[in-house]
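Each chain is listed here by its residues.
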Amino acid sequence: MNEFTLHPGQLTLGDLRAAWSAHAPLTLASGAWRDIAASSAAVDAIVAKGDPAYGINTGFGILAKAHIPVEQLATLQRNLILSHAVGTGPLIDDQIVRLILLTKIGSLARGYSGVRLLIVETLIALYNANIMPAIPVQGSVGASGDLAPLAHMTLAMLGVGQVRHNGVLVDAMDALAAAGIAPVVLGAKEGLALINGTQVSTALALHGLFLAERLLEAALVTGALSVDAARGSDAPFDARIHAVRGQPGQIAAAAIYRELVAGSAIRASHLVGDERVQDPYSLRCQPQVMGAVMDLIGNAGHTLLIEANAVTDNPLLFDDGVILSGGNFHAEPVAFAADSLALAIAEIGALAERRIALLIDANLSGLPAFLVREPGLNSGFMIAHVTAAALASENKSLAHPASVDSLPTSANQEDHVSMATFAARRLHQMAHNTCVIVGIELLAACQGIEFHRPLRSSKTLESVHAQLREQVAPYDADRFFAPDIEAARTMVWQGALSASCKTLFAALHP
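Here the structure is a predicted model, which means the values were calculated and not measured. (Residues numbered from 1 in each chain as written. Predicted model: local features only at pLDDT ≥ 70, side-chain atom pairs only at ≥ 80, totals over all residues. Heavy atoms only, no water.)

**Q** Provide a residue-level description of the pattern of salt bridges, including the pertinent values.
**A** Throughout the structure, instances matching the rule amount to 16 salt bridges. Linking D234 and R267 is a salt bridge whose minimum nitrogen-to-oxygen distance equals 2.9 Å. Here D234, found in the loop between α9 (199-229) and α10 (239-245), pairs with R267, found in helix α12 (residues 265-268); they are 33 residues apart in sequence, far enough to count as distant. E462 is the partner of R456 in a salt bridge, and the nearest nitrogen-oxygen pair spans 3.2 Å. According to the relative accessible area criterion, R456 is partly exposed, its value standing at 45%. Under the relative-accessibility criterion, E462 is labelled buried at 9%. Through salt bridges with shared partners, a single ionic network connects R453, R456 and E462. (Salt bridge = Lys/Arg side-chain N within 4 Å of Asp/Glu carboxyl O. Helix = DSSP H or I, 4+ residues; strand = E, 2+ residues; numbered from the N terminus. Buried < 20%, exposed > 50% of the residue type's maximum accessible area, 1.4 Å probe, protein only.)

Structure follows, in structure tokens:
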């Protein structure tokens, strides 16, 4: 893998996608070390002066009035980490932990957090050794930072608890020793700088964003396949319709649908003499719905990119020696972005479910009932659609905005919280649900197209059909269906559907 040079504050979505997809060695741009050192020196000066400064020589939260003597500052920071490491639930996947480490390194390296060079060096060493802190996914309300999960991240630096080393769960101290990394003794403010911040909720939301992008691509492809399977019209994709409305996502989506169905012999076969005047909305309004989804995903990506580059701990140190206490750790922007992604993921699945329902209904699609020969003897796609409906309905509940909820914590000092971490965490389950739905549509649409043989779809869509048939045989009679659905789901999850038409989707991923 090529080494990646991190320039603090300049991460792109492409950089973040790459780190999410695979591990590669990391180095920090040389100029960043100077900024880190200057910020650390400012903390040293505050400690030497002795005046109370929140998080440096005081207690935390509502205990901020307690002044801590110099000789106890290291104990203060260690106690902070140990007491705040209270997470529960499954461990966060390594690909997401990579994003947590990367964004935390980038934030601290901007030089406003007051940590020593050693802290950033140790985080980079963990990253490069593929030592991923064991971080439980539950326990953060997304305000005052992702305190509990980031405390678990910091435990790895201390040699406490467990980590995953190359994917294997081991004791942190053993992993550090094997990699030649010395456990850290935290200095003034360093524990607080490490656990204050929105990096966990942001990383979880980025995970949801990247999955949503894959689902969008896959559903554009399966939606186009369904148009041909149902002998639908491509007239609703005409550029003139979308230009007069002016919504950018809608215009882009319509262009993709036009390209996907271009050259289809199935479409050409019913240009004349088709008594149907208009297709149902699930076919006809795809550019309007999927275009709106595209815009929503793009807006969320914009917010999350800003947050991935942000300094979100507290207090912050500035060039003039001033230390300011604020609230950048409040993850409301991440919560809103995650809630938007939840709507997008739910709608991708909802529209795909409706197209499955259309295809299996002989009265609407003109295809054999439930997409199987000898219906009655065979049930075909009847219950596969029920699974899609169940998952689409589940996503409706999961899509309820998390950001409208708030429970005060820390004796009402933290009296409004974002719930961003849960808002982002539930995106994985929603994406899985939608992935299954789109996978079932892939199976159904490819099955439908085969009933029109010898006519063929467009070159691009026939390529997708051939990809599926390498994994799954046509559904000629009832058989154990779950493995077929899992194979199709895997294709969607891995981004295989858009592999043969990457140029169509390149503009979707800045």
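**Q** Quick rundown of the packing of aromatic side chains? Include the residues and the values.
**A** Throughout the structure, instances matching the rule amount to 6 aromatic pairs. Measuring from centroid to centroid gives 5.0 Å for F237 and Y257, while their planes differ by 20°, and the two rings are stacked. One end of the pair, F237, is in the loop between α9 and α10; the other, Y257, is in helix α11 (residues 248-261), and 20 residues separate them in sequence. Note on accessibility: F237 and Y257 belong to one class, buried. (Phe/Tyr/Trp six-rings, centres within 6.5 Å; stacked < 30°, edge-to-face > 60°.)

**Q** Any chance you could break down the environment of A175 for me, citing the residues and the numbers?
**A** Residue placement: A175 occurs in helix α7 (residues 172-179). Along the sequence, A175 and R164 sit 11 residues apart, while their C-alpha atoms lie 8.4 Å from each other. Once you skip the residues sitting within four places of it in the chain, A175 turns out to touch I131, V163, H165 and V170. (Contact = heavy atoms within 4.5 Å.)

**Q** Give a description of helix α19 (residues 459-471) that names residues and reports values.
**A** With 13 residues, α19 extends 19 Å between its outermost C-alpha atoms, agreeing within 8% with the 18 Å of an ideal straight helix rising 1.5 Å per residue. Along α19, the residues that are buried comprise L461, E462, V464, H465, Q467, L468 and R469. Lining the buried residues of α19 we find α9, α11, α18 (420-450) and α20 (482-493). (Expected span 1.5 Å × (residues − 1).)

**Q** Just give me the short version of the side chain of R489, but keep the residues and values in it.
**A** If you trace the backbone, R489 turns up in helix α20. The class for R489 is buried, based on a relative accessible area of 13%. Setting aside its immediate chain neighbours within four residues, R489 contacts H432, C435, V436 and G439.

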